[in-house]
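Results of the structural survey
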Amino acid sequence: MLDVRKLRLLRELKIRGTVAGVAEALSYSPSSVSQQLAALEKEVGAVLLVKSGRRLRFTPQGELLAQHTANILDALDLAQSAVADAVSTVSGLVRIAVFQSAAHAILPSALSALAADYPDLRVEVTEREPERGLFEVSARDFDLVIAEQYPGSTRALRSDLDRAELATDSIHLATSADPSARIRTTSLEGAARLPWVLEPEGTAARTWAVQLCRSAGFEPDVRFETADLVAHIRLIASGNAVGLLPDLVGVDEQPALRLLPLPGSPRRTVFTSARRASAASPGVVAARRALAAAVPAHCRP
């Protein structure tokens, strides 16, 4: 009988692409990963991997076994969920990946509710950019991810993940509420020559913001680049920049900000994703229920 632990290494290599990536993800040494994969080839009696430069390339037999391994791991997840569902107490571990504004707005209340209702359930939360979080749920590093999607944009479809809408929130042009502030504006067009604070390049928020500015006829002068939305709020409120802020950051509770409407009244969608094979596990179900209850009323879908 094939060893599931060795099979998982093969599947991890398919997902992550390199032995070093597998080793880092699973806290193994690269040599240990290589040895286990070589042992798996002997057990199977077929060549699964061949060297291609510095990487390993899957043979047709390796591709086939990696796909079957995904099905095997899903079956194990389903079995584990079924057993957990048969127990009256919700317990175990739920690992959640979350991006920053959702962490500020939704998580504290949700965690308090989970602690009160399910004291035997351990919840671990890690901040992740949505794209990375989705990948890591697919790779079984997390059980649940809270992710975002901006108007007119799409994310790569992952057939092994489900999707449940959690919130929708308006996006505003934010400027200082102080009439004497050095940097302030009354419209998007009026911000064409002003300093901006935006999230780092490569993020969905940054890509969307740049496209919005270009549609208004200018390229934003990005003087400040940070993923920390608290820093965005302080830079804007102090009159050092303008920026774009969604409702979930708590902008309605910031009297030092003036919020201006954007063309088309854009709204961002916040959603959760879990592996389809483990979405019915009691811990994931409880976490999703608590997260949905913690969404402010004006942001509920």
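Scroll up to find the structure this text is about.
Residues numbered from 1 in each chain as written. Predicted model: local features only at pLDDT ≥ 70, side-chain atom pairs only at ≥ 80, totals over all residues. Heavy atoms only, no water.

**Focus on the pattern of salt bridges**
Defined as follows: Salt bridges are defined as contacts in which a side-chain nitrogen from Lys or Arg sits within 4 Å of a carboxyl oxygen from Asp or Glu. Secondary structure elements follow DSSP: runs of H or I of four or more residues count as helices, runs of E of two or more count as strands, with numbering from the N terminus. Only protein chains enter the accessibility calculation, which uses a 1.4 Å probe. A residue is then buried if its area is under 20% of the maximum for its type, exposed if over 50%, and partly exposed in between.
This structure, assessed with the given rule, holds 22 salt bridges. As a salt-bridge pair, Glu12 and Arg16 come within 2.5 Å of each other at their nearest N and O atoms. Of this pair, Glu12 and Arg16 both sit in helix H1 (residues 4-16), separated by four residues, roughly a single helical turn. For the pair Glu12 and Arg16, one class covers both residues: buried. As a salt-bridge pair, Asp141 and Arg16 come within 2.9 Å of each other at their nearest N and O atoms. On the criterion of sequence distance, the pair formed by Asp141 in the loop between helix H7 (130-138) and strand S5 (144-149) and Arg16 in helix H1 is long-range, its members being 125 residues apart. Each of Asp74, Asp77, Arg95, Arg140, Asp143 and Arg275 takes part in salt bridges that share partners, so that together they form one network.

**Comments concerning the packing of aromatic side chains**
Rule in force here: Stacked, edge-to-face and tilted are the three classes for Phe, Tyr and Trp ring pairs, Trp counted by its six-membered ring, which pair at centre distances within 6.5 Å; planes under 30 degrees apart are stacked, over 60 edge-to-face, the rest tilted. Charge-over-ring contacts are defined here by two conditions on Lys NZ or Arg CZ: a distance within 6 Å of the ring centre and an angle within 35 degrees of the ring normal.
Across all of its chains, the model carries two aromatic pairs by this definition. Aromatic side chains Trp196 and Phe218 sit 6.2 Å apart centroid to centroid with 40° between the ring planes, which places their arrangement in the tilted category. Residue Trp196 is found in strand S7 (residues 195-198), and its partner Phe218 is found in the loop between helix H8 (204-215) and strand S8 (221-225); the two are separated by 22 residues along the sequence. Neither Trp196 nor Phe218 differs from the other in exposure class; each is buried. Between Lys14 and the ring centre of Phe58, over which it is positioned, the NZ or CZ distance is 5.2 Å. We note Arg163 situated over the ring of Phe271; from NZ or CZ to the ring centre the distance is 4.0 Å.

**Some words on the pairing of strand S2 (residues 55-58)**
Quick note on the threshold: Pairing between strands requires that DSSP locate at least two bridges from one strand to the other.
One ladder, built from four bridges, connects strand S1 (residues 49-52) with S2; its direction is antiparallel. Note on S2: the bridge partner recorded for Ser52 is Arg55. If you look at the hairpin formed by S1 and S2, you'll find two residues sitting between the two strands, and Gly53 has a positive phi there, around 70°.

**Description of the environment of Glu129**
Condition: Whether two residues touch is decided by their heavy atoms; if any such pair falls within 4.5 Å, the residues are in contact.
If you trace the backbone, Glu129 turns up in the loop between strand S4 (121-127) and H7. Considering only alpha carbons, one finds Glu129 and Ala256, 127 residues apart in sequence, at a separation of 28 Å. Excluding its chain neighbours within four sequence positions, the residues that come into contact with Glu129 are Glu199, Thr203 and Ala227.

**Observations regarding unusual backbone geometry**
For Ser27, which is not a glycine, the phi torsion comes out positive at approximately 60°. Here Ser27 shows up in the loop between helix H2 (19-26) and helix H3 (30-44). Look at Arg140: it is not a glycine, yet its phi comes out positive at around 75°. Tracing the chain through its elements places Arg140 in the loop between H7 and S5.

**A look at the environment of Ser265**
With respect to the helices and strands, the residue Ser265 is situated in the loop between strand S10 (257-260) and strand S11 (267-273). Overall, the relative accessible area of 57% leaves Ser265 in the exposed class. With 94 residues separating them along the chain, Ser265 and Ile171 place their C-alpha atoms 7.4 Å apart.

**Concerning H1**
To keep it simple, the criterion reads: One fewer than the residue count of a helix, multiplied by 1.5 Å, yields its expected span. Two N or O atoms form a polar contact when they lie within 3.5 Å of each other; inside protein one atom must be a possible hydrogen donor and the other a possible acceptor, and for residues adjacent in sequence the pair counts only when both atoms belong to side chains.
Compared with the 18 Å implied by 1.5 Å per residue over 13 residues, the 18 Å span of H1 between its first and last C-alpha is a close match. All buried positions along H1 are accounted for by Lys6, Leu7, Leu9, Leu10, Arg11, Glu12, Leu13 and Arg16. In this structure, the buried side of H1 is in contact with H2, H3, S1, S2, helix H4 (60-85) and H7. Of the residues flanking the start of H1, the one acting as N-cap is Asp3, its side-chain oxygen 2.8 Å from the backbone nitrogen of Arg5. Among the residues trailing H1, Gly17 stands out with phi positive, at a value near 90°.

**Considering the side chain of Arg268**
Assignment of secondary structure puts Arg268 in strand S11. Within the structure, the side chain of Arg268 is placed 2.7 Å from the side chain of Glu148, a separation counted as a polar contact. In this structure the side chain of Arg268 is engaged in a polar contact, spanning 2.8 Å, whose partner is the side chain of Asp169. Filtering out sequence-adjacent residues up to four positions away, Arg268 remains in contact with Phe99, Ser101, Glu148, Gln149, Tyr150, Ala167, Thr168, Asp169, Ile171, Pro246 and Leu248.

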